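Take a look at the letters that make up each chain.
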Amino acid sequence: MNLTYIIVNLLGGLAIFIYGLKVLSEGLQKAAGLRLRKVLDYLTKSRILGVMSGAIATILVQSSSATTVMIVGFASAGVISLFQSILLIMGANIGTTLTAWIISYLGLGKFNLIEYAYLLSIPAIVMLFFKTRKIRYYGEILIGFSLLFIGLKYMQSNAILIENNTDFFKWIANYNIQLKFSLANTFLIIFFILIGVVLSFVLQSSTAAIAITIIFASENLITFPMACAIVLGENIGTTATAYMAALLSNIHGKRAAISHTIFNVIGVIWAVFLFVPLLNISSEITYLISGLIPFDSSEGLVKGIPIFHSLFNILNTLVLLLFVEQIESLSRKIYPQNMKDNLFDMEFISNYIVGTPSLNYLEAEKAVYKYAINAEKSFLLLSELLNESDNEEFHKKFNKILEFENEADKTSVEFTEFLVKVNGQDVSSEVAILIRKMLSIVSYLERITDLTLRIAENLKRKREHKFFFTPGERNDLLQLMMLVTKSFEVVKDSVESLEKDQIKLLESEELEYRINELYIEYRKKFLKDDKSMMIINNASLLYLDVVNDLERIGDHLQSIVLVINGKKM
């Protein structure tokens, strides 16, 4: 049979497999809904829980690449530290090994789902027509599984034909890795590792690369040591996806991406020197689990590959878990801090991941919280402006507010476009509701930053024209600013969780009531003062403008809390 025909069919099977993986990943994300966020909430608790969070998140989306790109985005937005990023990446490496187990034990084992893949798709298609969203999502998961195994079937049937149609595997057979330590053997291990790096890099999916490795192993085209060396290389190749995503990110995202590469490369280096013991341990575990020896049969080989993959990633994590600080330090040395003073760091959204709505939503959620933090930072500079006596310092603070407002206007447009894209991805109903809430929150925060700049400009005008507030007016403004700052704190807590909270709602309402009371009191005092009505000076008019704007900021902050609690949209 023509070799070109065989290769085209093999690639066709691979395409079906990758598409099935994509459908499976999207279905799992929709079914998981907001549970992904709850999983990631544990990452701050301890090192072990951080690793577990990364593993569970990867299992839920069935894509370590998607998880690491999300981690890069979170690090770029500044909502997780580099230390936490490394823990999540370690967990993602463990979580991604599950797919190899599914392929080996359900796809190519005695209980062979390949034979039932077409039958499995029948109830799945029926489920897609249900009105209930959850049932439709489970239908997508089943469709994904069906396509996964159909793709495996096509790859397997064509892999059988390759052996008799190419001299490549016959040539490879002459260079089998021996179960002993020698310089020649080490070079052979590195050679097969490089094959794995290239394969994973070209496919941009370590899961697809491992699937091909297992398929070739099932037909005795490669031996157990060869397959395991290729798997080590695939661990390095998969880091390219996150690194490419980080190229357009800020320094925090780049550090998270390079830490992923450092972690996997260090792991592969020590694995090269302990390669033979790792093979023997994997063989023993395979025998205990399945009664098969990977060195003796293709069936045992297929069972041994996911065990080696899991063993390597678990051991690598356990070892390097003790050296997270050193990996963090090395990442910082590779990407040293830019000395430019950047108070706000406006790079909120770094990557839109096609086909991963839940991960995109998570990045958006964290970004909204960062936006709220920065809006408060900008507002807090107003009280400093009001009390600043030094001209140079005054203009430095004013320029920071101006810088933030310019960046906020640009970012709010990009942010809205990002959320609209996410909302158009057939997300779960609960995620769709929260996206609409975030769109409203971003709109209110953008208005708040506009008002903050307007107050700053009034204070600058007062200074330039040498207008003076009376001690009473200055005290009035500081009191209002203090209440608005307290309102900001309530908003930050509410935005961080995006969950209904009756206590926060009551706190917000109380603060809004007090802000309105002061606003009415100050306006009455201004309008009823006969002397000020006879001689309305510019300073008094500026004072009234600032009071009005502070009250409007309070209104917008209250609106954000109402939106989060479902009282307003």
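Preceding this paragraph is the structure being described.
Residues numbered from 1 in each chain as written. Predicted model: local features only at pLDDT ≥ 70, side-chain atom pairs only at ≥ 80, totals over all residues. Heavy atoms only, no water.

Draft legend 1. Highlighting a nonpolar patch on the surface. A cluster of nonpolar residues, Leu119, Ile122, Val126 and Phe130, forms a patch on the protein surface that exposes about 380 Å² of accessible area. One can find Phe130 in the loop between α7 (117-127) and α8 (133-162). Judged by relative accessible area, which is 38%, Phe130 ranks as partly exposed. (Patch = residues over 30% accessible without salt bridge, like charges linked within 9 Å, V, L, I, M, F, W, Y side chains within 5 Å. Areas by Shrake-Rupley, 256 points an atom, 1.4 Å probe, with all protein chains shown as cover. Salt bridge = Lys/Arg side-chain N within 4 Å of Asp/Glu carboxyl O. Helix = DSSP H or I, 4+ residues; strand = E, 2+ residues; numbered from the N terminus. Buried < 20%, exposed > 50% of the residue type's maximum accessible area, 1.4 Å probe, protein only.)

Draft legend 2. Representation of the pattern of salt bridges within the structure. Scanning the entire structure with this criterion turns up 11 salt bridges. The salt bridge involving Glu489 is made with Lys492; its shortest N-O contact spans 3.5 Å. Placement of the pair is Glu489 and Lys492 together in helix α21 (residues 471-497), with a separation of three residues, close to one helical turn. Accessibility expressed as a relative area gives 35% for Glu489, which makes it partly exposed. Close ionic contact of Lys504 with Asp493 constitutes a salt bridge, the shortest N to O distance being 3.1 Å. Of the two residues, Lys504 sits in helix α22 (residues 502-528) while Asp493 sits in helix α21, which places them 11 residues apart along the sequence. On the accessibility criterion, Asp493 (36% relative accessible area) is partly exposed. Each member of the salt-bridge network shares a partner with another, and the members are Glu384, Glu388, Glu393, Lys396 and Lys397.

Draft legend 3. Structural view of the packing of aromatic side chains. Summed over the entire model, instances satisfying the criterion amount to six aromatic pairs. With a centroid separation of 5.2 Å and an interplanar angle of 75 degrees, the aromatic rings of Phe191 and Phe192 are classed as edge-to-face. Between Phe379 and Phe488 the ring centres are 5.4 Å apart and the planes differ by 45 degrees, which places this aromatic pair in the tilted class. Placement of the pair is Phe379 in helix α18 (residues 357-387) and Phe488 in helix α21, with a sequence separation of 109 residues. (Phe/Tyr/Trp six-rings, centres within 6.5 Å; stacked < 30°, edge-to-face > 60°.)

Draft legend 4. Spotlight on the nonpolar core. Formed by 63 residues in total, the largest nonpolar core has its most connected members in Ile441, Ile553 and Ile560. If you list the elements that add at least two residues to this core, you get α18, α19 (391-423), α20 (429-464), α21, α22 and α24 (538-564). In this structure, Leu148, Phe192, Ala227 and Phe275 belong to the second largest nonpolar core, which totals 46 residues. (Core = buried A, V, L, I, M, F, W, Y, C linked by side-chain atoms within 4.5 Å.)

Draft legend 5. Structural context of helix α16 (residues 298-320). Between the first and last C-alpha of α16 there are 33 Å, a value that for 23 residues agrees with the 33 Å anticipated at 1.5 Å per step. Among the 23 residues of α16, 17 are classified as buried, and the element is accordingly described as predominantly covered. (Expected span 1.5 Å × (residues − 1).)

Draft legend 6. Highlighting unusual backbone geometry. At Lys466, a position not held by glycine, the phi torsion is positive, near 55 degrees. For Lys466, the location among the structural elements is in the loop between α20 and α21. For Lys466, a relative accessible area of 62% corresponds to the exposed category.

Draft legend 7. Structural detail: the environment of Leu311. Secondary-structure assignment places Leu311 in helix α16. For the pair formed by Leu311 and Ile94, sequence separation is 217 residues and the distance between their alpha carbons is 9.1 Å. Apart from the residues lying within four places of it in its own chain, the contact partners of Leu311 are Leu278, Ile281, Ser282 and Ile285. (Contact = heavy atoms within 4.5 Å.)

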